[in-house]
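# Topology and contacts: notes
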Amino acid sequence: MINLADIRADFPILSRLVHGKPLVYLDNGATTQKPECVIDKIREIYCSVNANVHRGVHFLSQAATDEHEASRRTVQEFIGAASSNEIVFTRGTTEAINLIASSYCREFCKPGDEVIISAMEHHSNIVPWQLQATISGIKLRVLPISDEGELLLEELEKMISSRTKLIAITHVSNVLGTVTPIGKIIEIAHRYDVPVLVDAAQSVQHMAVDVQQIDCDFLVFSSHKIYGPTGIGVLYGKEKWLEKLPPYQGGGEMIASVSFEKTTFAALPFKFEAGTPDYVGSAALATALDYLSRIGLEKIARYEHDLLTYATEQLSTIDNLKIYGTASDKCSVISFLVEGIHHYDMGVLLDTMGIAVRTGHHCAEPLMRRLGVEGTVRASFAIYNTREEIDLLVNGIRRIVKMF
Ligand code: PMP
């Protein structure tokens, strides 16, 4: 069992008031709040270890380097990677996808080659490929979804051909909460020797994800959505792929040797980490991952699943409220609209009650078009949310419905 009181006490922001009301933070899909240990870690690094990494002979630089590389190993263990060489620190999910889109297409794609994504991707798993379409001439193919918000997996095999060079798919939809059958997708793709990139921005904080078990080729996520600091994220890539890919950005840290005639590149993972890395962020991210591991990802998944089920049941009791995304496997995200009430109005009025939800297109405009809506209201849950908070949300919506 999760000890909710203890967990809530770990998050200082949860005790603040918003508009004079206790904060009910249900916008965790956008970013999660930070436990005290993560906040403390940032202070600790600046107060006692701060120095640039990988290049100093002095004590502090060594200490900062040790901390940064230990953090890389924590990430490696957290996602079950075979080697810490497969863990590249980026600025976040978005940068990690841009990195792969840029390096992979440059190395492996020619005009007419195809990358398959799905109809429920975040813009950050659409636009980088479109940018590459203009540079490398690749074509984007889109795996459709059902009205329930599930991938039409039977279409996938029909879409794969000798032109297919990569499949890039979300693990959990940030709008619908759908958990995609990622293991099955990877199995199908590998039958055709097509690598798969998994956008795990909305999954790693909610369930145990083991990259070797699902056998993905690339996996990306953002620290700020998994209780860590903003500004850092992770690209996991199988060593065999990362070895073959050219660098993304050039600069210090990513080189073996530089002359005006020729530059050679550093070994993995540094080849992909140009410039001073966010060694404060990496340490704080590792602290967040350790925090989650101490609670236990299985326990977290079970608790959050209960919350989602409760929220779905309670919201369903409201007349004229429609939930978008009714997949059989869902996680921690619930999108809805109440007939006759604009999502923006709903969000603003809930805010006056201290309840933070997200409204709008959630960086998934093509999905909104597929659903036939302009936007939705989204409540997304984290380990510190409670049934009482869901009751407050439901009661809040009922009061708003009465106002209209
Ligand atoms: N993919 C998904 C599924 C997301 O939910 C998000 C963040 N909303 C991103 C990618 C982009 O993450 P970031 O902005 O942290 O790079």
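Refer to the structure presented above.
Given the structure is predicted, the values throughout are model-derived calculations rather than measurements.

Before going further, it helps to examine the overall build of the protein chain. A count of helical and extended segments in the protein chain gives 14 helices and 17 strands. In terms of overall size, the protein chain behaves like a compact globule, its C-alpha atoms giving a radius of gyration of 22 Å where 404 residues would be expected to give roughly 22 Å. Summarising its shape, the C-alpha atoms of the protein chain cover approximately 70 × 55 × 35 Å along the three principal directions. Residues counted as buried form 58% of the 404 residues belonging to the protein chain. Of the contacts made within the protein chain by residues no fewer than 6 positions apart, 71% connect residues no fewer than 24 positions apart. Surface exposure of the protein chain reaches about 16,900 Å², of which carbon and sulfur atoms provide 52%. Each charge class in the protein chain can be summarised by its mean position, and for the 38 positive and 49 negative side chains these summaries are 3 Å apart.

The next subject is the pattern of salt bridges. All chains considered together, the criterion is met by 20 salt bridges. Measuring nitrogen to oxygen at the nearest pair gives 3.2 Å for the salt bridge that ties Glu-114 to Arg-163. Of the two residues, Glu-114 sits in strand S5 (residues 114–118) while Arg-163 sits in the loop between helix H6 (153–159) and strand S7 (164–170), which places them 49 residues apart along the sequence. On the accessibility criterion, Glu-114 (5% relative accessible area) is buried. The class of Arg-163 is partly exposed, set by a relative accessible area of 42%. Glu-187 is paired through a salt bridge with Lys-184; the nearest N and O atoms lie 3.9 Å apart. Within this pair, Glu-187 and its partner Lys-184 are both found in helix H7 (residues 182–191), separated by 3 residues, close to a single helical turn.

When two helices pack together, their arrangement is given by the angle between the helix axes and by the axis-to-axis distance. Following both chains from N to C, one finds helix H4 (residues 93–108) and helix H5 (residues 127–136) inclined at 20 degrees, their axes separated by 9 Å at the closest point. Considering the angle they form, H4 stands roughly parallel to H5. For the crossing formed where H4 meets H5, the hand is right-handed. In contact with Ile-97, Asn-98, Ile-100, Ala-101, Ser-102 and Cys-105 of H4, H5 contributes Pro-128, Trp-129, Leu-131, Gln-132 and Ser-136. When grouped by side-chain class, the residues that make up the contact of H4 with H5 number 7 nonpolar, 4 polar and no charged.

On to the sheet that holds strand S17 (residues 376–380). Read across the sheet, 4 strands follow the order S13-S14-S17-S16 without closing on themselves; strand pairing throughout is antiparallel. At either margin of the open sheet sits one strand with a lone partner, and together these are strand S13 (321–324) and strand S16 (358–360). Recorded for the sheet is a direction-independent mean angle of 30 degrees between the axes of neighbouring strands. Two strands pair when backbone bridges link them, and S16 and S17 are joined in this way by 3 bridges, in the antiparallel orientation. Paired with Gly-360 across the two strands is Thr-376, which belongs to S17. Most of the contacts of helix H12 (residues 343–352) go to S16, to which it runs at about 160 degrees, and overall it touches strand S14 (333–338), S16 and S17.

Let us now look at the sheet that holds strand S10 (residues 233–237). Strand order in the open sheet formed by 7 strands is S4-S10-S9-S8-S7-S5-S6, with mixed pairing between adjacent strands. Each end of this open sheet is capped by a strand with a single partner; those strands are strand S4 (87–90) and strand S6 (139–143). Going across the sheet, the axis of each strand differs from the next one's by a mean of 20 degrees, ignoring polarity. In terms of strand pairing, S7 meets strand S8 (residues 196–199) through 4 bridges, oriented parallel. The residue of S8 that forms the bridge with Ala-168 is Leu-197.

Time to look at the pairing of S14. Counting buried residues along S14, 6 of its 6 residues qualify, which places the element largely inside the surrounding structure. Residues of S14 alternate between two faces, with Val-333, Ser-335 and Leu-337 on one and Ile-334, Phe-336 and Val-338 on the opposite face, all of them buried. With 4 bridges connecting them, S13 and S14 associate as antiparallel partners. Residue pairing in the sheet places Leu-321 in a bridge with Val-338 of S14. By the bridge criterion, 4 bridges tie S14 to S17 in an arrangement that is antiparallel. Pairing of Phe-336 across the sheet is with Val-377, part of S17.

Calculation notes
- Residues numbered from 1 in each chain as written.
- Predicted model: local features only at pLDDT ≥ 70, side-chain atom pairs only at ≥ 80, totals over all residues.
- Heavy atoms only, no water.
- Helix = DSSP H or I, 4+ residues; strand = E, 2+ residues; numbered from the N terminus.
- Rg over C-alpha atoms; globule rule 2.2 N^0.38 Å.
- Buried < 20%, exposed > 50% of the residue type's maximum accessible area, 1.4 Å probe, protein only.
- Contact = heavy atoms within 4.5 Å.
- Areas by Shrake-Rupley, 256 points an atom, 1.4 Å probe, with all protein chains shown as cover.
- Lys, Arg positive; Asp, Glu negative; His and termini not counted.
- Charge placed at Lys NZ, Arg CZ, Asp CG, Glu CD.
- Salt bridge = Lys/Arg side-chain N within 4 Å of Asp/Glu carboxyl O.
- Axes fitted to C-alpha atoms, helices over the stretch in contact; angles between N-to-C directions.
- Parallel < 35°, antiparallel > 145°, perpendicular 65-115°, else oblique.
- Left-handed = near helix turned anticlockwise from the far one by under 90°.
- Nonpolar A, V, L, I, M, F, W, Y, C, P; charged D, E, K, R; others polar.
- Pairing = 2+ DSSP bridges.

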